[in-house]
Amino acid sequence: MLKNQEVMVDKRPLIILLHGAGASNQSAFLEYTRGCFESLGYPVRPYDFGYMQEAQATGKRRPPPKVEKLVEELRGLLSGSLNKSQPCVLVGKSMGGRVATMLAATDCPASVQAVAVLGYPFIGNGKNKQPRTGHFEDIKVPVLIEQGTRDGFGKPEDVGAMELPKDGISINWLPSGDHDFKPLRSSGFDQQQLIAKAVNHIDEWLNG
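Residues numbered from 1 in each chain as written. Predicted model: local features only at pLDDT ≥ 70, side-chain atom pairs only at ≥ 80, totals over all residues. Heavy atoms only, no water.

### A few points about the nonpolar core
Of all hydrophobic cores here, the largest spans 38 residues; its most connected members are Ile16, Phe49, Leu74, Leu78 and Leu90. Those elements that place two or more of their residues in this core are strand 1 (14-18), helix 3 (50-58), helix 4 (67-79), strand 3 (88-93), helix 5 (95-104), strand 4 (112-118) and strand 5 (143-148). Here Leu74 is in contact with Leu18, Phe49, Leu90, Val99, Ala100 and Leu103, once residues within four sequence places are set aside. By size, the runner-up hydrophobic cluster in this structure holds 23 residues, among which are Leu30, Cys36, Leu194 and Leu206. (Core = buried A, V, L, I, M, F, W, Y, C linked by side-chain atoms within 4.5 Å. Buried < 20%, exposed > 50% of the residue type's maximum accessible area, 1.4 Å probe, protein only. Helix = DSSP H or I, 4+ residues; strand = E, 2+ residues; numbered from the N terminus. Contact = heavy atoms within 4.5 Å.)

Here it is in structure tokens:
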């Protein structure tokens, strides 16, 4: 699935972990996600966007800026402090995944090998139900979306009604998971099990 499949033979790519709109990389969800990747041998760099860093410094919650600004912030990270020769995979929770896919649809840095999303916000909440997939046709790297079947931002019936590209974007449905991969008790799974399933599937996809 990667541009340079041979890269995976000797060294796993750097995972850049991007948070969702309301919770940082210190959330229990992303802390556990990070641990799952590290247990598989991946180096992980969590990145909190500037607005989240400011919220943590001041103790005051802040809404995210326009998504286009976050795309440019991520581009700056990839072209600045990171080793440009080191292949990386962008893994984003919800908003972070949307930002990563939007970056991959523009002038995507060569170091980005793939994008994985943990719960993509296919549609907005409240009255804003417009699909957030208009840029999918322009994405230049492979994308894998791990999506709960009960995700209010995109259930199977919602996504099935959308015209998505036939190539380049894959969706793996997690049984009974909501937007935070919390399943119903009757499913026989718990949240951590679904997170682990998602990470293991991303690992198989990257190496397959």
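### A closer look at the confidence of the model for the chain
Mean pLDDT over the chain: 92, with 94% of residues reaching 70 or higher. Counted against residues more than four places away or in other chains, residues 1-10, with its pLDDT under 50, gives 21 contacts. (pLDDT = per-residue confidence, 0-100.)

### What about the packing of helix 4 against helix 5?
A pair of packed helices is captured by two measures, namely the crossing angle of their axes and the spacing between those axes. Where helix 4 meets helix 5, the axes come as close as 9 Å, and the angle between the chain directions of the two elements is 70°. In terms of their interaxial angle, helix 4 and helix 5 are classed as roughly perpendicular. Side by side, helix 4 and helix 5 meet where Val67, Glu68, Leu70, Val71, Leu74, Arg75 and Leu78 of the first sit next to Met95, Arg98, Val99, Ala100, Met102 and Leu103 of the second. Its residues placed into classes, the contact of helix 4 with helix 5 shows 10 nonpolar, no polar and three charged. (Axes fitted to C-alpha atoms, helices over the stretch in contact; angles between N-to-C directions. Parallel < 35°, antiparallel > 145°, perpendicular 65-115°, else oblique. Nonpolar A, V, L, I, M, F, W, Y, C, P; charged D, E, K, R; others polar.)

### Some thoughts on the environment of Gln26
One can find Gln26 in the loop between strand 1 and helix 2 (28-39). With relative accessibility at 60%, the residue Gln26 sits in the exposed group. For the pair formed by Gln26 and Asp48, sequence separation is 22 residues and the distance between their alpha carbons is 9.2 Å. Those residues within four positions of Gln26 in sequence are excluded, and the remaining contacts are Glu31 and Gln56.

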